[in-house]
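Letter by letter, the chains look like this.
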Amino acid sequence: MLKTCEFNVQRDLQFAHEFEGFDRVLHIFNADWHGIRAAAAYAPGQKLAISERDGLDGEAIRHIFGILSHYRIEHIIFQGYSQVAASLCQSIHRQFGSSIRINVVTHVTSAQFENAFEIEMQALLLQQKDRGLISRLGSVKPRFNDVIPEYWPSTIINFGPNLGEITAQMQKIDGAIFVPIENSWRKNLYTNMLAAQRCTQVKSIYAINFPSGLEKICTLDKLRLTSFKHGADLFGFMASMEAQMNVTLAECQPMTQLESFAVGTPCLTGPLRVAEFADDPLIALCEVDILDSPHYLTEALSKVISLGRQNDGELTGMMVSHLEHRNVVAALSYAEFLGL
């Protein structure tokens, strides 16, 4: 049985952008890392999902070699990294040499280095770059070269999904918001939940994870647990919300926010400090500076809901304008990173 080796499957192509010059670019990513898979899926180029859990056997590697030859791939971008990715990188370099440039884009922040796996992967990347297997390291976290100087100094900009206008006219559920974050310290679920619960405009809080124990000290009568969703189901659900919350304590360029914008729903985050959008009014509206106090999140949430209810199209226009600008900047950042 062929190990996980999904090439150009529908979920990775249906919402992708198309830009000239990316036909011979292949993004390789872990099938189970949902945020990173989404970032790769929305970018232009060919797509290959592999699995850290399943690994790759000889048959799968030969299949990948066939893909590289048939599509005349010139640039590979590993989106995120793992031991399986590192072994595949070595096999590709051994087979194709300098005819294929291998690059890696990381989606981690230094705050995540408490997880030993993340440090181990960075060390492995540096070793492979020193050996000439990897041409360039890039990051979606601004100024990641301050963490590891070997990284490309500019920022890789994430694309939003290419949805057209399929959900633009969906009716919003009055007072409904979505908190699609996990229950972990970094994701700040408790503060997001408290802020939403105390916002007077909010009637229903849809979440995929329960803030364990919070019910002992706080009324959670607005909370509605919902199932994990992806693809068109996720976009449709997001489109029906008045707002979304993703105010985490450490973040790069969350796909949750870009997916939300693409369906016409504002999404709050912490300060991302992506220089390319420093003067963008939508980002100024949606970024919260103080992350550990519900008061400030409630203020920001109330403001975006009120603006969306004005029915003058101002908020929708801000999101459309942001995504149009972002996707062009994203294409330029990838093109510069690859030397296209």
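Because the structure is predicted, anything quoted here is derived from the model rather than measured.

Here we take up empty space enclosed by the protein. As enumerated under the stated definition, the model contains 1 cavity of 30 Å³ or more in all. If you trace the largest cavity, you find it lined by Ile-28, Phe-29, Asn-30, Trp-33, Ile-50, Phe-78, Gln-79, Gly-80, Tyr-81, Ser-82 and Ala-85. Put simply, the parts of the chain that give the lining of the largest cavity at least two residues each are strand 2 (25–30) and strand 4 (75–79). No other element matches the 3 residues that strand 2 contributes to the lining of the largest cavity. Of the residues assigned to the lining of the largest cavity, the class counts are 7 nonpolar, 4 polar and no charged.

We now examine the pattern of salt bridges. This structure, assessed with the given rule, holds 10 salt bridges. The residue Arg-24 makes a salt bridge to Glu-74 at a minimum N-O spacing of 3.1 Å. With Arg-24 in the loop between helix 1 (10–13) and strand 2 and Glu-74 in the loop between helix 3 (58–70) and strand 4, this residue pair connects regions lying 50 residues apart in the sequence. Look at Arg-24 and you get partly exposed, because its relative accessible area is 30%. Note that Asp-146 and Arg-143 form a salt bridge whose closest N and O atoms lie 2.8 Å from each other. Residue Asp-146 shares its accessibility class with Arg-143, and that shared class is exposed. Residues joined by salt bridges that share partners form a network here, namely Asp-174, Lys-203, Glu-242 and Arg-309.

What follows covers the pairing of strand 5 (residues 101–106). For strand 5, the tally of buried residues reaches 5 of 6 residues, placing the bulk of the element in the interior. Bridging between strand 4 and strand 5 involves 5 bridges; their strand directions are parallel. Within strand 5, the position partnered with His-75 by the bridge is Arg-101. Where the polypeptide runs from strand 4 across helix 4 (residues 83–96) and back to strand 5, its parallel neighbour, the crossover connection is right-handed. Pairing of strand 5 with strand 6 (residues 136–139) involves 4 bridges; the strand directions are parallel. Its bridge partner lying in strand 6, Val-105 is registered against Gly-138.

Let us now look at the sheet that holds strand 8 (residues 204–207). One open sheet holds the 5 strands; their spatial order is 9-8-7-10-11, and the pairing between them is parallel. The open sheet terminates on both sides in strands that have one partner only, identified here as strand 9 (223–225) and strand 11 (267–269). The sheet shows a mean angle of 25 degrees between the axes of neighbouring strands, taken without regard to direction. Along the sheet, helix 8 (residues 255–262) makes contact with strand 10 (243–246) and strand 11, crossing strand 11 at roughly 155 degrees.

What counts as what
Residues numbered from 1 in each chain as written. Predicted model: local features only at pLDDT ≥ 70, side-chain atom pairs only at ≥ 80, totals over all residues. Heavy atoms only, no water. 1 Å grid on protein atoms, 1.4 Å probe; cavity = no way out; pocket = protein on both sides within 12 Å on 5 of 7 lines; lining within 4 Å. Points joined across faces, edges and corners; volume = space filled by probe spheres on them. Helix = DSSP H or I, 4+ residues; strand = E, 2+ residues; numbered from the N terminus. Nonpolar A, V, L, I, M, F, W, Y, C, P; charged D, E, K, R; others polar. Salt bridge = Lys/Arg side-chain N within 4 Å of Asp/Glu carboxyl O. Buried < 20%, exposed > 50% of the residue type's maximum accessible area, 1.4 Å probe, protein only. Pairing = 2+ DSSP bridges. Right-handed = clockwise from strand over helix to strand, strands pointing away. Axes fitted to C-alpha atoms, helices over the stretch in contact; angles between N-to-C directions. Contact = heavy atoms within 4.5 Å.

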